[in-house]
Structures are given as structure tokens and as C-alpha cells.
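Architecture and fold: a report
Below, each chain spelled out in residue letters.
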Amino acid sequence: MRCYANETLTCVTRYTGKYMLVNGKAFQYAMYREGTGDTVYLAVHWLQASGAAAVWDVLRCRAGTEMYDFAVLEGWEDPVCVMPYLTDETGEGGLLYEVVTRDSGYGLYYNDMYHNSLPLYPKDYQTLPQMVVPEVVMAAGYGQSLRWKIIPGDDRNGWCANLELRYREPGADVWETEALFTESLHGYYRMTMGSHLLGKEVCLMLEYRTYGTDWGGYNLEDFVTLNRAVTPWQTVERDAAIPLQPDEIGVSMLLAGGRVTVQWSAVTDPLNLISGYRLERAAAGTDGVPENFVQLYNGTSVQFRDTLPGDAGNVVYRVCAVNRAGTQSPWTETGILEVAQSNLYVSCGGKWIRAAGVWIGEKRASPMARVK
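What comes next concerns the included structure. (Residues numbered from 1 in each chain as written. Predicted model: local features only at pLDDT ≥ 70, side-chain atom pairs only at ≥ 80, totals over all residues. Heavy atoms only, no water.)

Side note on the overall build of the protein chain
Our working rule: Elements are defined by DSSP. Helices are runs of H or I of four residues or more, strands are runs of E of two residues or more, and each kind is numbered from the N terminus. Burial classes follow relative accessibility: with a 1.4 Å probe on protein chains only, a residue under 20% of its type's maximum area counts as buried, one over 50% as exposed, and anything between as partly exposed. What makes two residues a contact is simply this: any of their non-hydrogen atoms within 4.5 Å. Computed with the Shrake-Rupley method and a 1.4 Å probe, the accessible areas treat only the protein chains shown as cover for residues.
Scanning the protein chain from terminus to terminus reveals one helix and 32 strands. The proportion of buried residues among the 372 residues of the protein chain is 42%. A fraction of 64% describes how many contacts in the protein chain between residues 6 or more apart in sequence connect residues 24 or more apart. With the model as given, the accessible surface of the protein chain reaches about 20,300 Å², and the carbon-plus-sulfur share is 48%.

Structure, rendered in C-alpha cells:
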């Protein structure tokens, strides 16, 4: 049977078994109260609708001394009987509601025992419970402790009894569900969303219940209130198992055979602990396209001093971040960079060689000639 409970429409009693029969057909019911208002709704659902008469042709409901009929109500998939909210002012636990048949020829049976009517005992509460859910990180592969706060109201205790993950294609009207836990009481839950949710819209449904302080803890259906909260839909835009990449790379002057400083932006990733970076370089001649990368550096620094090959005409640098698990981010690349060629030559062993650097004292500098 569909659960209609939300943060204000509160289930106060229900039967979801299969041993309640009328005219040989099994049925279920659930009674709801809107907030702390003066109206209750009793919904009835045939377990097997095939061959079953319409509910309003078979059943009625008594509230106090008045009789009420079932009807179709907008927003409800099941027939609903709308009645006033009644309380036992005597405090003696008197019968306030009961389901009866419209014809004495229809027999009500529960656990193979005949009944003239079906008594209903909705729980009474003065304060509507509240569920406070912090923002959930919607990222595939991300493990997080989902914690919530339930303000039960009155003299009650509250727990989350069902947690359901819902996902759909962006903008779709229907969704699929995954039960994270069912019919068990939790104060928090450790969850990790799967990689199949990447690109999907995702939300969570939390069903929370309150129980009296004298509740024995045996029958989970012996609740005072049952409500449901649904988090807003969010698109899962990243796989948290893959760290974020550096935003950019900067390089100093490029000169064939010379030294170049390569710098990149540090990565701040709220979902990963970055343990280091990997820097690679590909080089080719002046007419070539750099393709074969070699690793230059693997460590925690955000810069590296490289020495270019003497025959380099074009180079590409790329860097990635690495998380604590050893997973690397996508690469951030410079694109193809043209390498300047020195116009300064030195004689070495009778041969003229293009200079890639010169020494001034103990410091190395890039060769450059100024002509006026």
C-alpha cells in the first residue's frame, strides 16, 4: 500500500498485512491526520483488486456516532474516507472509530476470526514532530555519515525507520529507488553513493517515527506518528573517487637546452585529501607534435625546475593531483608551447655549438645577445 505521509500528513495507525478480509478479499488501511488539525483520512487498499467490488460499495466508517463513506479524493490513489479528528476526552480509551460493512452479508475476518466491525485506534499527539536534515553531498563514490535531528514533541522518542535513495534522469517524472535500510531504527547512517548515479538527479526519502516513552521496542508498527521527509533533487555532477585537477600551469621562458620553471595551482578538494602531484613533459622538434610524455616530478611541491632537451622545438607540460588512495585527477595541460632557439654559439673542440645557457660566476643564465 502506498504511504501518503509527508512532513505534515501524519500516519497515526495502519495495517499492511494480508490477513484482514472482507467478502473474501484481503485489504489494508492507513489513517492520516493533517498536522495537528481537525481532519483525518482513512485510505483502504485491496491487495488484489481483480474481482473486488469498489471499496465504497462494501465498506463504511463510523467516527463517534456518525457514519462516513469512502470516495475518490484528488491526490490519493486509494479510496478515502474523510472524518473529523476525535479524542477520548474521558481518558478511558473508548472506541472512537471503526470500519463496518455496508451489508450484513459481507463478513469481516481477521486471522480467520469473524468480526462485526473493525476497530481503529489512532494515536493521539499534541505536537507535530520535526525532522532536520543537513545538506547531503550528492557525489558518486563519496562516503559520508548522514546525520539528522528529530524533534519528536510531547513525551516521545523519535527515530528514522526507513531510508530510501531515489534517482532519475534529469527532469524525468518517474524515478527508481534503492532501499538503504528498512524497518529498523537509526539515529544516523553511513552511506556511499554508487558510480551509476553520476549524471542522475538524486534525492533521499527519510521515514521517521515517534514512540511513547513506555514503548517496549518490539512492534515497530506501534508508533504514535509516522512522517516522511524528502530532500531536494540534486544532480550528481562528479565522482568523488577522482580528485579535482589543478586549474592552470605557468611556465617561464622556454629555450632549447635551457632551464624552465613550471608552476601549477594547488588543489583544494572538499571531498579528497590531496597527497601530491605528478608532472610530465612531452617534447618534439620544431616541426613535430609532442606526444610521448615522460614523468618529471612526483611530490608535494607545486613547482619544478626542468631542463629542456637541446633539440626541443615544441613542448607540452601536464600535471595532475593525486589523492591519499593513489587515484589521480584528470590532467591539466599547457597545450603546445614553442621553444625559442638560442642565437648564441660557442666553440667546443673546434665545433660551433648553439648555447643553451651561460654561467655568470656560479649562477646559470639564459643566453641572449643584444644588438644595436
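The rest of the description comes next.
Description of the packing of aromatic side chains
Selection criterion: A pair of aromatic rings is counted whenever rings of Phe, Tyr or Trp (Trp by its six-membered ring) have centres within 6.5 Å, and the orientation is called stacked for planes under 30 degrees apart, edge-to-face for over 60 and tilted otherwise. Criterion for a charge above a ring: Lys NZ or Arg CZ within 6 Å of the ring centre, and within 35 degrees of the ring normal.
This structure, assessed with the given rule, holds 16 aromatic pairs. Put simply, the rings of Tyr 4, Tyr 32, Tyr 41 and Trp 76 pair up and form one aromatic cluster. Note that Arg 33 overlies the ring of Tyr 125, its terminal NZ or CZ placed 4.7 Å from the centroid.

Some details on unusual backbone geometry
A positive phi angle, close to 55°, is found at Asp 154, a residue other than glycine. Inspection of the secondary structure assignment puts Asp 154 in the loop between β14 (149-151) and β15 (156-168). Judged by relative accessible area, Asp 154 falls into the partly exposed class, the value being 40%. Unusually for a residue other than glycine, Glu 183 sits at a positive phi of about 45°.

Topic: the sheet that holds strand β22 (residues 259-264)
Worth spelling out the cut-off: Two strands pair under a simple rule: DSSP has to find at least two bridges between them. Here an angle of 0 to 180 degrees is reported between the N-to-C directions of two axes, which are lines fitted to C-alpha atoms, with helices fitted over the stretch in contact.
Across the sheet, which stays open at both edges, the three strands sit in the order β21-β22-β25 with antiparallel pairing between neighbours. The sheet is open, and its two edges are formed by β21 (249-251) and β25 (303-307), each paired on a single side. Taking the axes of each pair of neighbouring strands and ignoring which way they run, one obtains an average angle of 25° across the sheet. As paired strands, β21 and β22 are joined by three bridges and run antiparallel to one another. The residue of β22 that forms the bridge with Gly 250 is Gln 263.

Section: the pairing of strand β4 (residues 39-46)
Burial analysis of β4 places six of its eight residues in the buried class, which makes it a mostly covered element. Relative to β4, strand β3 (residues 25-34) is paired through seven bridges, and the arrangement is antiparallel. In the sheet register, Gln 28 faces β4, and the bridge partner there is His 45.

Some words on the environment of Gly 257
Position of Gly 257 among the secondary structure elements: in the loop between β21 and β22. On the basis of relative accessibility, which here comes to 11%, the residue Gly 257 falls in the buried class. Linking Gly 257 and Val 339, residues 82 residues apart in sequence, is a C-alpha distance of 9.5 Å.

Overview of the side chain of Glu 98
Going by this rule: Polar contacts, as counted here, are pairs of nitrogen or oxygen atoms within 3.5 Å of one another; within protein the pair requires one atom able to donate a hydrogen and one able to accept it, and residues that are adjacent in sequence qualify only if both atoms are side-chain atoms.
Inspection of the secondary structure puts Glu 98 in strand β8 (residues 97-101). Residue classification places Glu 98 among the buried positions, given a relative accessible area of 13%. A polar contact of 2.6 Å, which involves the side chain of Glu 98, links it to the side chain of Arg 62. Setting aside anything within four residues of it in sequence, one finds Glu 98 in contact with Arg 60, Cys 61, Arg 62, Ser 117, Leu 118, Pro 119 and Leu 120.

Remarks on the nonpolar core
Put simply, the test is: Definition used in this section: a nonpolar core is a set of buried Ala, Val, Leu, Ile, Met, Phe, Trp, Tyr and Cys residues joined via side-chain atoms within 4.5 Å.
Counting 28 residues, the largest nonpolar core has Phe 27, Tyr 29, Leu 42, Leu 59, Met 83, Tyr 97 and Leu 120 as the members making the most contacts within it. With four residues, β4 is the single largest residue contributor to this core. Other than its neighbours up to four places away in sequence, Leu 42 contacts Tyr 29, Ala 30, Met 31, Cys 61, Phe 70, Pro 79, Val 80, Cys 81, Met 83, Val 99 and Leu 120. Within the second largest apolar cluster, 21 residues are counted, among which are Val 136, Met 191, Met 193 and Tyr 208.

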